[in-house]
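Listed below are the residues making up each chain.
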Amino acid sequence: MKAATQIVFVTGKGGVGKTTAAAALARWTAGHGRRTLLLETAPDGPVAALFGRPPLGHEPTRLAPGIDGLRVAARQLVEDYFRGVLRFSFLANALLSSSTFNALTAAAPGISEFLLLDRILGIVEPGLGRRAKYDLLVVDGPATGHALRLLRTPRTLLSMVPAGPLSGTSQRLRRLLEDERRTAVVPVSLAEEMSVRETIEMYRVLRDDLGLHVARPVVNRVFPRRFGRADAAAIEAHHGAGAEALVAAAGFAIARRREAERHVAHLRRALGTTPVLFRQLFTPELHADDLAPLGRTIGRALFAEPQRGGRP
């Protein structure tokens, strides 16, 4: 029997490199024979540009061998849902153009989040005897606050609507999200105080409050260790004493590496797990080929390390 499609949600504070981590993971899994769908939730996300492709649309398109991309926008989900419910285009157009309706959907808790999760459910469990097209769905998720609201949505809706079709779908979604063999969340952080603090808080909410499987956090843009202790001491001895530009740059790199090590140690102590480190890439622009080393790092951490229950 074909294994069920797995889901990896990638999230974190804005600007930490969620898209880079999601794309790198997709590239690695596709290279290992897993049919992968990379789902973009930002309306103007850079996923396609990383692969040298035009912006993603609302249907899957090929990004690279073994990788398809799909953009899912909240507004489009709402429109598609109500067009399907109303069936008659003139009724749907009248409703969707109503300012009252737009204000209501914007204020109502969980509508767009539920529809996004429902779309994900349709991808990984298409129903009616059909097989899922993909082995892995990588979700380039929203930033931390929105991601927590998204992943909390099934519980929220079940507390509000305990019976009926909506309840049934919410129950399926909750089972899917809480199944550690099928769903994982990857927090992404920078080696900076605010980002690390937010990552720790998010990790604990996801794991302890929502009961989800949270993978090892990724710390992005970590400066490599280029100098031994003796070299670092010699560089620091000259730093600030009429140092030339090269020595000053070396001193900066040493300082950034030490700062990263301090924050990584903090994450390790707080969460009881070793973070995955992405090295700082010194390139003006990031392209698909640059993702290979990052993909190996995150792919091996997620799928090749010993794990309980075979979870992702």
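Calculation criteria
Residues numbered from 1 in each chain as written. Predicted model: local features only at pLDDT ≥ 70, side-chain atom pairs only at ≥ 80, totals over all residues. Heavy atoms only, no water. Helix = DSSP H or I, 4+ residues; strand = E, 2+ residues; numbered from the N terminus. Buried < 20%, exposed > 50% of the residue type's maximum accessible area, 1.4 Å probe, protein only. Areas by Shrake-Rupley, 256 points an atom, 1.4 Å probe, with all protein chains shown as cover. Pairing = 2+ DSSP bridges. Lys, Arg positive; Asp, Glu negative; His and termini not counted. Salt bridge = Lys/Arg side-chain N within 4 Å of Asp/Glu carboxyl O. Expected span 1.5 Å × (residues − 1). Contact = heavy atoms within 4.5 Å. Axes fitted to C-alpha atoms, helices over the stretch in contact; angles between N-to-C directions. Phe/Tyr/Trp six-rings, centres within 6.5 Å; stacked < 30°, edge-to-face > 60°. Core = buried A, V, L, I, M, F, W, Y, C linked by side-chain atoms within 4.5 Å.

Chemist: What is the right way to look at the overall build of the protein chain in this model?
Modeler: Helix and strand counts for the protein chain come out as 12 helices and 8 strands. By residue count, 46% of the 312 residues in the protein chain fall in the buried class. Just so you have it, the protein chain exposes about 16000 Å², and 55% of that area is on carbon and sulfur atoms.

Chemist: Can you help me understand the pairing of strand β1 (residues 6-12) in this one?
Modeler: Regular strands place their side chains on alternate faces of the sheet. With respect to burial, β1 is a largely interior element, 7 of its 7 residues being buried. Here β1 shows no split at all, with Gln6, Val8, Val10 and Gly12 on one side and Ile7, Phe9 and Thr11 on the other all buried. Across 6 bridges, β1 lies against strand β6 (residues 183-190) in parallel orientation. By the bridge assignment for β6, Ile7 is matched with Thr183.

Chemist: Where do I start with the side chain of Asp140 in this structure?
Modeler: For Asp140, the position within the fold is in strand β5 (residues 136-143). Despite its burial, Asp140 remains without a salt bridge, the nearest opposite charge being carried by Lys18 at 5.5 Å.

Chemist: Would you mind going over helix α1 (residues 18-31) with me for this structure?
Modeler: For an α-helix, 3.6 residues make a turn, and residues three or four places apart therefore share a direction. Taking 1.5 Å of rise per residue, the 14 residues of α1 would be expected to cover 20 Å, and the 20 Å separating its terminal C-alpha atoms lies within 8% of that figure. Counting buried residues along α1, 12 of its 14 residues qualify, which places the element largely inside the surrounding structure.

Chemist: I keep staring at the environment of Val219 and nothing clicks. Help me out?
Modeler: One can find Val219 in strand β7 (residues 218-222). Along the chain, Val219 and Ala260 lie 41 residues apart, while their C-alpha atoms are 8.7 Å from each other. Setting aside residues up to four positions removed in sequence, Val219 forms contacts with Ser189, Leu190, Ala191, Val264, Leu267, Pro275, Val276, Leu277 and Phe278.

Chemist: Can you walk me through the sheet that holds β5 in this structure?
Modeler: Where strands meet in a sheet, backbone hydrogen bonds hold them as pairs that are either parallel or antiparallel. Judged by pairing direction, the sheet is mixed, and its 8 strands sit side by side in the order β3-β4-β2-β5-β1-β6-β7-β8 without closing on themselves. Sheet topology places β3 (61-64) and β8 (276-279) at the edges, where each strand pairs with a single neighbour. Sheet twist, expressed as the mean angle between neighbouring strand axes with direction ignored, is 25°. In the packing of α1 onto the sheet, contacts are made with β1, β2 (36-40), β4 (67-71), β5, β6 and β8, and the angle to β5 comes to roughly 175°.

Chemist: In this structure, what is going on with the packing of aromatic side chains? I would like to understand it.
Modeler: For the structure shown, the criterion picks out 2 aromatic pairs. Seen in terms of ring centroids, Phe223 and Phe282 are 5.4 Å apart; in terms of plane orientation they differ by 85°. Their pairing is edge-to-face. With a gap of 59 residues between them, Phe223 in the loop between β7 and α10 (229-238) and Phe282 in the loop between β8 and α12 (291-304) connect regions that are remote in the sequence.

Chemist: How do you make sense of the pattern of salt bridges when you look at a structure like this?
Modeler: Between side chains of opposite charge, a pair can form as their charged atoms come close. All chains considered together, the criterion is met by 14 salt bridges. The partner of Arg174 in a salt bridge is Glu178, with the nearest N and O atoms 2.8 Å apart. Taken as a pair, Arg174 and Glu178 lie in helix α8 (residues 165-178) at a separation of 4 residues, close to a single helical turn. Overall, the relative accessible area of 30% leaves Arg174 in the partly exposed class. Residues participating in the shared-partner salt-bridge network are Glu125, Arg172 and Arg182.

Chemist: Can you walk me through helix α9 (residues 193-209) in this structure?
Modeler: Here α9 spans 23 Å end to end across 17 residues, near enough to the 24 Å set by a 1.5 Å rise per residue. Residues of α9 that are buried include every one of Ser195, Val196, Thr199, Ile200, Met202, Tyr203, Val205 and Leu206, and no others.

Chemist: Honestly, the pairing of β4 in this entry has me stumped. Any pointers?
Modeler: Taken across its 5 residues, β4 has 5 buried, putting it largely inside the fold. Here β4 shows a buried face lined by Ile67, Gly69 and Arg71 and a second buried face lined by Asp68 and Leu70. Bridge analysis of β2 against β4 gives 5 bridges, and the strand direction is parallel. Looking across to β4, one finds that Glu40 is bridged to Arg71. Sheet analysis places β3 next to β4, joined by 3 bridges and oriented antiparallel. Bridging across to β4, Thr61 finds its partner in Gly69. Connecting β3 to the next strand, β4, in antiparallel fashion are 2 residues, including Gly66 with a positive phi near 85°.

Chemist: Honestly, the nonpolar core in this entry has me stumped. Any pointers?
Modeler: One broad rule of soluble globular proteins: the nonpolar side chains tend to lie buried together. Membership of the largest hydrophobic core comes to 42 residues, with the highest contact counts inside it found for Ile7, Phe9, Leu39, Ile120, Leu137, Leu151 and Leu206. A total of 8 residues in this core trace back to one element, the largest contributor, which is helix α6 (residues 111-124). Not counting the four nearest positions on each side in its chain, Leu206 is found in contact with Leu148, Leu151, Val185, Gly211, Leu212 and Val214.

Geometric values such as these leave the question of function open.
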